[in-house]
Each structure stands twice: as structure tokens, then as C-alpha cells.
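Architecture and fold: a report
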Amino acid sequence: MSKFKQLFGDKKPIISMVHLLPMPGSPLYDADAGIDGIVAAARKDLTALQEADVDAVMFGNENDRPYELKVDIASTAAMAYVIGQLRNEIKKPFGVNVLWDPMSTVALATATGASFVREIFTGTYASDMGPWTPNAGEALRYRNRLGRDDLVMLYNVSAEFADSMDKRPLADRARSAVFSSIPDAVLVSGAITGEAAEMTDLKSVKEKVTDTPVLANTGVRHNTVADILKIADGCIVGSSLKVDGNTWNPVDPERAKEFMQIVKAARGG
């Protein structure tokens, strides 16, 4: 049985985002609210998502704009502190994502006991952050050195805020990543946070990557999730569950509950 299936079972999981407020040192950090303000906001979002009965949650530093490719140690440490403060309240499988640093993401997962990670592990990109060349071999070896060979690795193969310098079709790049870098699942994204992946991209990757789960990674909404789950093996959702569907707002408990009602109907109850 694959690690993905061991973690999520036969259902097509809905992994919901807890977008942490900006970390200390980042340009948007609220020094007046401080780290306790970050914990309080994350706790509120976590509670709303778990009460909506999502399948898993993922903590990410989406608000640490502009993003870094080598993340400040203070950001990773602060994220670990926040998750640690909430650890006893987390009732669902949880994952982490430190944008856009695979090594920091694996380190954070190890420190917090996360079950899975999401990152850009493969490819070469021209990005808003400059030239972007992640190293999957380095990240997986680091994972194993830290004793986390059980960690479920979700590979985003269509990077946001970037254009791939590898001009092979996306489905071919995804198939190659599966062959060479052994992800536990492949993620297909839109161009930026909150923007949907093209259904044609999702279909083409799913057709080429037949033995590895394929998830929709961005822009999944109430009116599209049922159709997406006919193709994808699950999805990651953030913006659609927020107040007014705005990425930077808190989670809206009612929107989250409505979303999961649609999902459960689409999955046959």
C-alpha cells in the first residue's frame, strides 16, 4: 500500500490550508500582535476547518511575501513554535509547506511531527523570486537522514509565480518527476495562489501518471470541486474557504462546511 493511501485511505482527500499570518522578520509581520497573534489566528482557522470535517490540514507561510527560495531560519523556527502551540488541538492528519524551500519544509515536518509536506521539489523555473532550481535528491536524502522516510511527499509540478524553463508538456514533466524523484503524489496548480489549474492540464497529467495520485493544488471552488474530483485523486483548498473567498482573509466556518457538504455528496456520502 502506498504511503498516500495509508495516510488518507480510499477517499479523495480534501487538504485545507491554515495560512499563517506573516512570520517575524517578513515585510508584512504585525509586530504589535506578535507571535501570540499568529497563534490565535491559526487556532481560529484550525478550529473552523476541523469542525467542517476536512480530511487534513496544512500549515503554510503564504503571507510571507515576497517569498524566499532559502527561507530565513527565524521563519521556520516561528512556524514550528506556532504549530507546537496548537499541536494538542490538531485532530486531523497535518502537513507543512515553507514557501519555497524544500529543506526548510522537511526540517519543519520533522520538528512538528507532520505527516506530509508540499513543495516544488523538481524542475527549473524563471520566477518572481529569481532563478529557481530545487533539488529533489538533496531533499529526500535530508528527509531520510532526519529519520522521516515515512513522510508523505507531495510534489507540485507546475510552480506558481513562475514559468518552467523545461518546455516539455506538463504531463511529460510530471511523468518524468514520478520516474526519477518518487513522489507520493503529484500536484497541478494554476499560475498563482487561488487561481485554478486548467482542467486540460489536470486531465493530461492524470492520463500520463497512472500509478501515482494526482491532486488539484490551487483555485478549487464550491462550484468546481465536484467536477475536479471526477478527475483528480483529491485537492488542496485554501482561498475558497475564506471570508468572501479571499486568500488573505480568515477561514469562514460556513463556507468551509458548505464546501465539505458538496465534497461528501460528490464522493458518494
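Summarised in this report is the structure supplied together with it. (Residues numbered from 1 in each chain as written. Predicted model: local features only at pLDDT ≥ 70, side-chain atom pairs only at ≥ 80, totals over all residues. Heavy atoms only, no water.)

**Some points on the packing of aromatic side chains**
One pass over the structure, following the stated rule, counts 9 aromatic pairs. Ring geometry for F4 against F8: centres 4.9 Å apart, planes inclined by 55°, an arrangement best described as tilted. Here F4 and its partner F8 are both found in helix α1 (residues 3-8), 4 residues apart, which amounts to about one turn of the helix. Taking the centre distance of 6.0 Å and the plane angle of 80° together, the rings of F59 and F94 count as edge-to-face. Pair noted here: F59 is in strand β2 (residues 56-60) and F94 is in strand β3 (residues 94-97), with a separation of 35 residues, a long-range link. When sorted by exposure, F59 lands in the same class as F94, which is buried. The ring of W248 is capped by R65, whose NZ or CZ atom sits 3.7 Å from the centre of that ring. (Phe/Tyr/Trp six-rings, centres within 6.5 Å; stacked < 30°, edge-to-face > 60°. Helix = DSSP H or I, 4+ residues; strand = E, 2+ residues; numbered from the N terminus. Buried < 20%, exposed > 50% of the residue type's maximum accessible area, 1.4 Å probe, protein only. Lys NZ or Arg CZ within 6 Å of the ring centre and 35° of its normal.)

**Structural notes on the nonpolar core**
Core analysis: the biggest nonpolar cluster contains 64 residues, and L20, V57, F59, V205 and F259 have the highest contact counts within it. The biggest single contributor to this core is helix α2 (residues 34-51), with 6 residues. Each residue touching V57, except ones within four places of it in the same chain, is listed here: I15, S16, V18, L46, L49, I90, P93, F94, G95 and F116. (Core = buried A, V, L, I, M, F, W, Y, C linked by side-chain atoms within 4.5 Å. Contact = heavy atoms within 4.5 Å.)

**Section: the pairing of β3**
Here β3 shows two buried faces, one formed by F94 and V96 and the other by G95 and N97. As defined by bridge partners, β2 adjoins β3 across 4 bridges and the pair is classed as parallel. Along β3, the bridge assignment pairs F59 with V96. For the crossover that starts at β2, traverses helix α3 (residues 73-86) and ends in the parallel β3, the hand is right-handed. With 2 bridges joining them, β3 and strand β4 (residues 116-119) adopt parallel strand pairing. Across the sheet, G95 pairs through a bridge with F116, a residue of β4. With respect to chirality, the unit in which β3 leads through helix α4 (residues 102-112) into the neighbouring parallel β4 is right-handed. (Pairing = 2+ DSSP bridges. Right-handed = clockwise from strand over helix to strand, strands pointing away.)

**Remarks on the sheet that holds strand β8 (residues 162-164)**
Strand order in this open sheet of 3 strands is β6-β5-β8, and the pairing throughout is antiparallel. One side of each edge strand has no neighbouring strand; the edge strands of this open sheet are β6 (130-132) and β8. Between one strand and the next, the sheet's axes are offset by a mean angle of 25°, whatever the strand orientation. Two elements, strand β5 (residues 125-127) and β8, share 3 bridges in a ladder whose sense is antiparallel. If you follow S127 over to β8, its bridge partner there is A162. (Axes fitted to C-alpha atoms, helices over the stretch in contact; angles between N-to-C directions.)

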